[in-house]
Amino acid sequence: MDHRFDPALECLHRVFGYHDFRGRQREIIDHIREGGDALVLMPTGGGKSLCYQIPALVRSGTGVVVSPLIALMKDQVDALREAGVRAASLDSTRTGAEAARIRRDLLTGELDLLYLAPERLLMDSTLELLDRAPTALFAIDEAHCVSQWGHDFRPEYLQLSILGERFPGVPRIALTATADPRTRQEILARLALNRAEVFVSSFDRPNIRYRVTPKGNTRDQLWRFIRQEHPDDAGIVYCLSRKRVDETAAWLASQGRDALPYHAGLPAETRRLHQERFLHGEGVIIVATIAFGMGIDKPDVRFVAHLDLPKSLEAYYQETGRAGRDGLPANAWLAYGLQDVITLRQMVDQSEADEARKRVERGKLEAMLAFCELTTCRRQALLQHFGEELDEPCGNCDTCLEPVETWDATEPARKALSCIYRTGQRFGTGYVIDVLRGGADERIRRNGHHRTSTYGIGADLPAATWRSLFRQLLARGLVTVDEEGYGTLQLTEASRPLLRGESTLELRREGVKRRAKAKRTATRFDDPDDQALFDALRRCRRQLADEHGVPPYVIFHDATLVEMVEQRPADTEELAGITGVGERKLERYGDAFLDILSTSHHPAYRPSGE
Ligand code: ADP
Ligand code: ZN
């Protein structure tokens, strides 16, 4: 291939081992190379890093990258150095000698990329150093940190607006995965990116399969999902409470999985250790509260499971987005039930927030619940929530894959509503269902509810169907729970037309599910020989990673190993054609992997240690 007139493409091939640019990468890179400023909005895993790494490599001077977390910088620098890029990070963990060396390399132009925290960049000494150094560009990663309304606000980010004044000839590129228009405007204004071009990508994550399961025995459901679909994959399990995190992690560990808890109640050292094991290990499951996630760049997280309902669709999108950054198939699995709806409603009602804030929170919860109860494509609804249209149903969510049956629930719903009314709107679901089914509970007799007209009128339906019905009534706002936190059911205005027989109600049918057959997942192969080869390649990667003290994915991504299994490259040249095998990695690791690939051609090949 002739690269003479295309240094960016040459760099993509040689350094990163990739064949083509993705999405808008090409446009963005050209724009920066020509000296323009840019704001880049791309979902997690969209490929933001290359947008500044390649221009930094092809322009003269050093690319200066501002990043909010030391852990993130370290990861990026490790990965770049493995690919043969001269990258460094200047942070508080550097010794004086190391820092001096980095400064020297910077001044002599022997550094391609320098990563810095904002506070370090803003120090007078650093700015003066940069006055004298050739600078290729400034990249401001996680640019939404300038937003005072966001969760990740970092005051120092506000001062980054000085870069434009002080270094007028140096292009600036701000990047974020936060989609909403208000944050976008804030970034442009606060970073004084007056002439920046804005590049917005689709926020769809097509490789993530969205699934929502009604809760039965949650633990069994989770275990079936993990055992059948992710027997040795890394994943994250989110729970609402610390207690549930601890219990779930201990239980998964007792089932033989490498599962670790992570929440704000654990000592900082334990948290650090668990995060480290998650990043460096293979197949580790982190069970966490939402405290876990920011700054997790692990590309091969194969699943994100929610055992409790997220508070909003924004949170759901962000948390599930941590799966499948490498573009391989990944699962977003959510179990939710009646109690989730009640608990979250109560959390909002009882919070300290003022009424306006509570209204916003309730609205977000409604949107989340509506998403759970969808009978149409989940991806279409999710993207629509973020202002994006998807023309066709996606074919990669549960409602697309197993169309939902609905049933006419008008009559049972009216029975349920009138039973709530007849019992005085003073009882929870358990009690109301008992009355409906004509239960023998002693409380019913004591309250005289065995004499009401609704006693026993629902005996024809099993309790599970009633629970599903109450959950859907709650989710649709036809019923609500009291604000004091007792969980008593109350009718709402919206339920009147139904009670009066003026409207009907179609609900999801739940219960007997067709047994989903075990699906081929990203790193599971149908052919046992393929599986054995993949496992052998993975062991080789593991060993190299340990020797180099880096996470396995820094050596090669899963996607690269999968392609090796599919293509079976036989020599260096063929190996160079595999996605993710750049010049430097070929040189360093080519032989080790070719050895394994060549033994696998012999019929006598048996993986060791199995
Ligand atoms: P982001 O920062 O947007 O979350 P990254 O920059 O970490 O995403 O990229 C996500 C993954 O996609 C990385 O594993 C990266 O190596 C890979 N990637 C990025 N661009 C390409 C490309 N053009 N071809 C193949 N893989 C790519
Ligand atoms: Zn779909």
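Residues numbered from 1 in each chain as written. Chains lettered and ligands numbered in written order. Predicted model: local features only at pLDDT ≥ 70, side-chain atom pairs only at ≥ 80, totals over all residues. Heavy atoms only, no water.

Here we take up the site of ligand 1. Residues in close proximity to ligand 1 total 15 residues, the closest being Y18, G45, S49, R325 and H557. A distance of 2.4 Å is found between an oxygen atom of ligand 1 and a side-chain nitrogen or oxygen belonging to Y18. Tallying contributions element by element places helix α3 (residues 48-58) first for the shell around ligand 1, with 3 residues. A class-by-class count of the residues in the shell around ligand 1 yields 4 nonpolar, 7 polar and 4 charged. (Near = heavy atom within 4 Å. Polar contact = N/O pair within 3.5 Å; in protein donor to acceptor, adjacent residues only side chain to side chain. Helix = DSSP H or I, 4+ residues; strand = E, 2+ residues; numbered from the N terminus. Nonpolar A, V, L, I, M, F, W, Y, C, P; charged D, E, K, R; others polar.)

Attention now moves to the side chain of D204. Topologically, D204 is positioned in the loop between β7 (197-200) and β8 (208-214). At 3.1 Å, the side chain of D204 forms a polar contact with the side chain of R379. Excluding anything up to four places from it in sequence, D204 contacts P43, R379, L383, E388 and L390. (Contact = heavy atoms within 4.5 Å.)

One pass over the structure, following the stated rule, counts 47 salt bridges. The residue R14 makes a salt bridge to E10 at a minimum N-O spacing of 2.7 Å. A residue pair is termed a helical-turn pair when its members lie 3 or 4 positions apart in one helix, as R14 and E10 do in helix α1 (residues 7-16) at 4 residues. A relative accessible area of 34% places R14 in the partly exposed class. With relative accessibility at 23%, the residue E10 sits in the partly exposed group. Between R277 and D258 there is a salt bridge; the shortest N-O distance is 2.9 Å. (Salt bridge = Lys/Arg side-chain N within 4 Å of Asp/Glu carboxyl O. Buried < 20%, exposed > 50% of the residue type's maximum accessible area, 1.4 Å probe, protein only.)

Right, let's get into the sheet that holds strand β13 (residues 330-336). If you walk across this open sheet you meet the 6 strands as β8-β13-β12-β9-β11-β10, and the pairing is parallel. The outermost strands of the open sheet, each flanked by one partner alone, are β8 and β10 (259-262). Between one strand axis and the next, the sheet turns by 15° as a mean value, whatever way the strands run. Against the sheet, helix α13 (residues 268-280) touches β9 (234-238), β10, β11 (285-288) and β12 (301-306), its axis set at about 140° to β10. Of the strands in this sheet, β8, β9, β12 and β13 are in contact with helix α14 (residues 313-320), which crosses β12 at around 150°. (Pairing = 2+ DSSP bridges. Axes fitted to C-alpha atoms, helices over the stretch in contact; angles between N-to-C directions.)

This next bit is on unusual backbone geometry. Phi is positive for E142, close to 50°, though the residue is something other than glycine. For E142, the position within the fold is in the loop between β5 (135-140) and α8 (155-158). For A192, which is not glycine, the phi torsion reads 50° and is therefore positive. Its place among the elements puts A192 in the loop between α10 (181-190) and β7. Assessed through its relative accessible area of 25%, A192 is described here as partly exposed.

Turning our attention to the domain arrangement of the protein chain. Each domain of the protein chain was delimited in the assignment, giving domain 1 (7-200), domain 2 (208-401), domain 3 (406-508) and domain 4 (528-598). Taking only C-alpha atoms into account, the centre of domain 2 sits 30 Å from that of domain 3. Contacts between domain 2 and domain 3 engage 19 residues on the former and 17 residues on the latter. Regarding the contact of domain 2 and domain 3, the summed buried area is about 1400 Å², with carbon and sulfur atoms giving 57% of it. Looking at the side of domain 2 facing domain 3, the largest losses of area belong to L338, R345 and E373, adding up to 39% of the total buried there. (Domains from an automatic or database assignment. Buried area = accessible area lost by both parts, 1.4 Å probe.)

Taken together, C377 (SG), C394 (SG), C397 (SG) and C400 (SG) make up the full set of protein donors to the zinc ion (ligand 2), lying 2.3 to 2.4 Å away. For the zinc ion (ligand 2), the 4 donor atoms in the first shell make angles of 102 to 119° at the metal, a pattern classed as tetrahedral. Expressed as a motif, the donor residue spacing for the zinc ion (ligand 2) is C-x16-C-x2-C-x2-C. Take C397: its relative accessible area is 0%, and that puts it in the buried class. (Donors = N, O, S within 2.8 Å, 3.2 Å for Na, K, Ca; no water. Tetrahedral: all angles 85-135°; square planar, octahedral: opposite > 155°, others 65-115°.)

Further remarks concern α3. In terms of residue burial, α3 counts as a mostly covered element, since 8 of its 11 residues are buried. Residues of α3 that are buried: K48, L50, C51, Y52, Q53, I54, P55 and A56.

Chain-level statistics for the protein chain give a pLDDT mean of 90 and a share of 95% at 70 or above. Overall, residues 514-518 carries pLDDT values under 50, and its contacts beyond four positions in sequence, including any with other chains, amount to 4 contacts. Taken as a whole, residues 602-606 scores under 50 in pLDDT and shows 5 contacts with residues more than four places along the chain or in a different chain. (pLDDT = per-residue confidence, 0-100.)

It is worth spelling out the packing of helix α19 (residues 410-422) against helix α20 (residues 429-436) at this point. Contact geometry of α19 with α20 gives a least axis separation of 10 Å together with a crossing angle of 110°. Taken together, α19 and α20 sit at an angle that is classed as roughly perpendicular. Considering the relative orientation of α19 and α20, their crossing is right-handed. For the pair α19 and α20, contact is made by K415, A416, C419 and I420 and by V432, V435 and L436, respectively. (Parallel < 35°, antiparallel > 145°, perpendicular 65-115°, else oblique. Left-handed = near helix turned anticlockwise from the far one by under 90°.)

A few words now on the sheet that holds strand β1 (residues 38-41). Taking strand neighbours across the sheet as the criterion, the 7 strands line up as β3-β4-β2-β5-β6-β1-β7 in an open arrangement whose pairing is parallel. Both edges of this open sheet fall to β3 (87-90) and β7, since each of them pairs with a single strand only. Between one strand axis and the next, the sheet turns through 20° on average, direction left out of account. Alignment of β3 against strand β4 (residues 113-116), held across 4 bridges, turns out to be parallel. Among the inter-strand pairings, L90 is bridged to a residue of β4, identified as L116. Where α3 meets the sheet, its contacts fall on β1, β2 (62-66), β4, β5 and β6 (172-176), and the angle it forms with β6 comes to roughly 160°. Packed on one face of the sheet, helix α5 (residues 96-107) meets β2, β3 and β4 and runs near 125° to β3.

Going through the model one piece at a time under the given rule, you end up with 15 aromatic pairs. Their ring planes at 75° and their centres at 5.7 Å tell us that F278 and F292 sit as a pair that is edge-to-face. A residue pair is termed long-range when its members are at least 10 positions apart, and F278 in helix α13 and F292 in the loop between β11 and β12 qualify at 14 residues. Neither residue differs from the other here; F278 and F292 are each classed as buried. On the numbers, 5.1 Å between centres and 55° between planes, the contact of Y316 with F371 is tilted. Taken together, the residues Y316 in helix α14 and F371 in helix α16 (residues 355-372) connect sequence positions 55 residues apart. (Phe/Tyr/Trp six-rings, centres within 6.5 Å; stacked < 30°, edge-to-face > 60°.)

Moving on, we come to the environment of E247. Within the element layout of this structure, E247 appears in helix α12 (residues 242-254). You can call E247 partly exposed: its relative accessible area is 38%. Separated by 143 residues in the primary sequence, E247 and L390 place their C-alpha atoms 40 Å from one another.

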